[in-house]
Amino acid sequence: MILSKSILFSAVQPSGKLTIGNYIGTMRHWSKMQNDYHCLYCVADLHSLTIQDKNFSLRESILDTISFYLACGVDPNKSIIFIQSHVPQHSQLNWILNCFSQFSELLRMTQFKIKKTIKNNYIKNTNVGLFNYPILMASDILLYQTNFVPVGRDQKQHIELTRNIANRINALYGNIFTLPVPLISKYGSKIMSLLEPRKKMSKSDINKKNVIFLLDDIPSVVLKIKNAVTDSEKLSRICFDLEKKPGISNLLEIFSSITNKEVHILSEELKGITYSEFKSIVSDHLSKFLLQLQKSYFKYRCNESYLKKVAYEGAFKAQLKAKQTLNKINLKLGLV
Ligand code: AQP
């Protein structure tokens, strides 16, 4: 009996420079996953239109993001790498799902509440795209009959919404959509800001000292880690305690994710050292890791024709799958 592999979908929006949060929360798992699943890795460019920042080039950011996918070890011969806007079925399914989603459930989305206030200066400029964002994300996932979605913890609520919409449609029209399951790591699923460790690290943070970008130069990385907020306990104590020691816990999660060592083993190994010693160990490891990643990134980034070839071929393969689901739902809805 041949057992077919499960389908896995993941995406990053090219809304700015990628951070170690994006990498640790999701991208670091991708190369391993492509051996066990049918993987689709999408550059969610349409999602990025919700943030209108004239200071950055979306075109460049899309190509940067594909380069990072490749640098993280995603192999286009094993996985489908594609750009969301190259597969029009995402927007088509988006409209259909809109008609099965409740205004009230979207109002409850924590990400929307945060983004409408911080990023888009609420009253003046909260675009409808920002509100609709989780439904487009649901379309991305459901279009491929996805079984698993590796995401950071911030996206868990959006996957729950996706499941609710899918359930609603399945109950009305029969089994159309597979119900996706989020894959969220115990550690590293929400990397926090360096100076405000109770707030998520985000690429669009105005305070760049909060964020380590994947393309940061090494002196900046060292300085940012050095300045990261810890706590005011009299004795340095390296241990994982999100409530009382969010800063140290965050550094531990970063360290654990890039060394692949369990947090509790690291806490044991690091017993008795000072916070400043701990920070230099973390920045040493992080710098080495980033140098390696950046080297690979630049190798891909300078070859735009190859990046476009990967994206076009990926879109072709993705469309074949997307069309099947869209035809299925169109038929059930009675669209001729
Ligand atoms: N700080 C984080 N810790 C862990 N995971 C994170 N992710 C993002 N930030 C962290 C995960 O990265 C994947 C891609 O995220 P995205 O770029 O599509 O959207 P986002 O969550 O809105 O990311 P940002 O960095 O916060 O972007 P902006 O500032 O543009 O809104 C997702 O799986 C996410 O969970």
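Residues numbered from 1 in each chain as written. Predicted model: local features only at pLDDT ≥ 70, side-chain atom pairs only at ≥ 80, totals over all residues. Heavy atoms only, no water.

Undergrad: Can you explain unusual backbone geometry? Please cite residues and give values.
TA: Of note, the phi angle at Gln145 is positive, near 50°, even though the residue is not glycine. With respect to the element layout, Gln145 can be found in the loop between helix H8 (128-142) and strand S4 (148-150). For Asn260, which is not glycine, the phi dihedral falls at a positive 60°. As for its position among the elements, Asn260 is in the loop between helix H11 (246-259) and helix H12 (263-269). Given a relative accessible area of 65%, Asn260 falls into the exposed group. (Helix = DSSP H or I, 4+ residues; strand = E, 2+ residues; numbered from the N terminus. Buried < 20%, exposed > 50% of the residue type's maximum accessible area, 1.4 Å probe, protein only.)

Undergrad: Could you give an account of the site of the ligand, naming the residues involved and the relevant values?
TA: Lining the immediate environment of the ligand, one finds 26 residues, of which Lys115, Asp154, Ser202, Lys203 and Ser204 sit closest. Contacts to the ligand include Lys115, whose side-chain N or O atom sits 2.7 Å from an oxygen atom. When the ligand sits alone it has 640 Å² of accessible area, and the protein chains cover 98% of it. Those elements that provide at least two residues to the shell around the ligand are strand S1 (7-12), helix H1 (20-25) and helix H7 (110-118). Residue contributions to the shell around the ligand peak at 3 residues, all from H1. Here the residues of the shell around the ligand are counted per class, giving 7 nonpolar, 13 polar and 6 charged. (Near = heavy atom within 4 Å. Polar contact = N/O pair within 3.5 Å; in protein donor to acceptor, adjacent residues only side chain to side chain. Areas by Shrake-Rupley, 256 points an atom, 1.4 Å probe, with all protein chains shown as cover. Nonpolar A, V, L, I, M, F, W, Y, C, P; charged D, E, K, R; others polar.)

Undergrad: Outline the domain arrangement of the protein, listing residues and values.
TA: With domains assigned, the protein is organised as domain 1 (7-184 + 304-333) and domain 2 (208-298). On a C-alpha basis, the centroid separation for the pair domain 1 and domain 2 is 29 Å. Buried area between domain 1 and domain 2, summed over both chains or domains, comes out near 1,300 Å², and the portion from carbon and sulfur atoms is 76%. Area buried by domain 1 at its contact with domain 2 is led by Ile20, Tyr23 and Phe68, which between them contribute 43% of it. Inspection of the region where domain 1 meets domain 2 yields 3 residue pairs in polar contact (both at pLDDT 80 or more). Here the side of domain 1 that touches domain 2 gets 4 residues from one element, more than from any other, and that element is helix H4 (residues 58-71). For the side of domain 1 that touches domain 2, a count of residues per class yields 7 nonpolar, 2 polar and 3 charged. (Domains from an automatic or database assignment. Buried area = accessible area lost by both parts, 1.4 Å probe.)

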